[in-house]
Amino acid sequence: MNIGLFGYGVVGSAVYNVLNHTPTLMASVVKICIKNPEKQRDIKPGMFTIDRRELLDNPAINVIVEMTDDAEAAFQIVKESLQKGKAVVTANKKMVANHLPELIELQSLYNTPLLYESACCASIPVIRNLEEYYDNDLLHGVEGIINGSTNYILSKIFNENLSYEEALKKAQELGFAESDPSLDVEGHDALNKLCLLLVHAYGVIAHPTVLLCHGIHRLNHIDREVASAQGAQIKLVARAVKQQNGEVAAFVLPQFVKPPHLLHTVRNEYNGVVLTSALADEQFFYGKGAGGFPTASAILADLSALRYDYRYEYKKLLLQEPSVLAADVKLNVYVSFQDWQLLPVDAFEEIHEYYSGKSFHYRKGVVSMKKLKGSDWWKQPGVSLILQEDAILKSPSVIV
Ligand code: HSE
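This structure is a prediction, so every number in the text was calculated from the model and none was measured. (Residues numbered from 1 in each chain as written. Predicted model: local features only at pLDDT ≥ 70, side-chain atom pairs only at ≥ 80, totals over all residues. Heavy atoms only, no water.)

K.L.:
If you had to explain a negative patch on the surface to someone new, which residues and values would you point to?
P.N.:
Residues Asp70, Glu72, Glu102 and Glu105 make up a contiguous surface patch of negative charge. Residue position: Asp70 is located in the loop between strand E4 (63-66) and helix H3 (71-83). (Patch = residues over 30% accessible without salt bridge, like charges linked within 9 Å, V, L, I, M, F, W, Y side chains within 5 Å. Areas by Shrake-Rupley, 256 points an atom, 1.4 Å probe, with all protein chains shown as cover. Salt bridge = Lys/Arg side-chain N within 4 Å of Asp/Glu carboxyl O. Lys, Arg positive; Asp, Glu negative; His and termini not counted. Charge placed at Lys NZ, Arg CZ, Asp CG, Glu CD. Helix = DSSP H or I, 4+ residues; strand = E, 2+ residues; numbered from the N terminus.)

K.L.:
So, the confidence of the model for the protein chain: which residues are in play, and what are the values?
P.N.:
Summing up the model confidence of the protein chain, the mean pLDDT is 95 and the portion of residues at 70 or higher is 98%. Note that residues 396-400 has pLDDT below 50 and, in this model, three contacts with residues that lie over four places away or in other chains. (pLDDT = per-residue confidence, 0-100. Contact = heavy atoms within 4.5 Å.)

K.L.:
Got a sec to walk through the packing of helix H1 (residues 10-20) against helix H12 (residues 292-307)? Specific residues and values, please.
P.N.:
Following both chains from N to C, one finds H1 and H12 inclined at 55°, their axes separated by 8 Å at the closest point. As summarised for this structure, H1 and H12 are arranged oblique, according to the angle between their axes. In this structure, H1 crosses over H12, and the sense of that crossing is right-handed. Note on element contacts: H12 touches H1 through Gly292, Phe293, Thr295, Ala296, Ile299, Leu300 and Leu303, opposite Val10, Val11, Ala14, Val15, Asn17, Val18 and Leu19. (Axes fitted to C-alpha atoms, helices over the stretch in contact; angles between N-to-C directions. Parallel < 35°, antiparallel > 145°, perpendicular 65-115°, else oblique. Left-handed = near helix turned anticlockwise from the far one by under 90°.)

K.L.:
Summarise helix H7 (residues 148-160); cite the residues concerned and give the values.
P.N.:
With 13 residues, H7 extends 17 Å from end C-alpha to end C-alpha; this agrees with the ideal 18 Å at 1.5 Å per step. By the criterion of burial, H7 is predominantly enclosed, with eleven of the 13 residues buried. The complete set of buried residues in H7 reads Gly148, Ser149, Thr150, Asn151, Tyr152, Ile153, Leu154, Ser155, Lys156, Ile157 and Phe158. A distance of 3.2 Å separates the backbone nitrogen of Ser149 from a side-chain oxygen at the start of H7, and that oxygen is part of Asn147. (Expected span 1.5 Å × (residues − 1). Buried < 20%, exposed > 50% of the residue type's maximum accessible area, 1.4 Å probe, protein only. Polar contact = N/O pair within 3.5 Å; in protein donor to acceptor, adjacent residues only side chain to side chain.)

Structure (structure tokens):
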């Protein structure tokens, strides 16, 4: 394999490093395309170029590894690489989530593989497992902590009493956060990854803009106290869950999680994914979900898979009957707010508990996912929305 690398940040430099120490892969890096030539780097300058053509037009380069943070520029690079018959390994979840239909078509048109295990949960091999292993067993649900930065921040807040700002700064320093960290804390990164899980778990192609998503940026210290009082922590959870009618409900929301829930054990930059299926029951994937070397481990696994011509078949989408997204489900939520004006009178369908203090109020009850998607009161400063442990209200037929 003669490899062209795009990007030499936390992940790119780790991949370069690891490739140089993995002779069994018989892969060599020919050239690295970067954005900023002024930056001090630890390898000889002759390896770098700022001209993407030096990689894309080089017929000797047969594999492109794409690790940039610009989804649209990355898509053009990946598209041209596939058109030219260069296999692509990418860590760019936003690019894949935004362009899944085109990327699936390009792979088939040009008969060239695109692999992206590192784009979801970094070191955890969840995409390939969903694609290959969970092929026949009835998959009831995929539920996970799939963003390392937010889990790191929440762990530091809950376990070490750090402030949100301090914890975010540390996550950035450690190279877990995106270059634009709002992608992490507002839930978009987890949402992009959920879109990858959806296509490999259920054959559902969903653009990130159609799914309900909320991050951890509106949580306040009283939410934290409410969580602690009930023995819970708050985690950012992504889920895709099959409903009684076969439709799949999918969203990313902060949630109260307490023992013995498996996700309660997932700390710091670790990710965890719980799969529930008819025959195997509950299974738990756990591993580092962010950082240079954990991400490089999945990129290496993809490069290695290219050696035996592995490619995604998108079995659930192309070889089976794909599932459809649920238009609505009822969610059990907790909403805290500083001012009554912030809460529409019809926000809740049922109220189970409420508290009202001088400058802080909360309600617990049932809201409609569809109605939430169509409104934005819950995104406003001063409002915080958190899923309760029993996140999705079961329909009466299920209870019976
Ligand atoms: N910013 C991402 C995270 C990096 O924190 O999970 C790994 O995808």
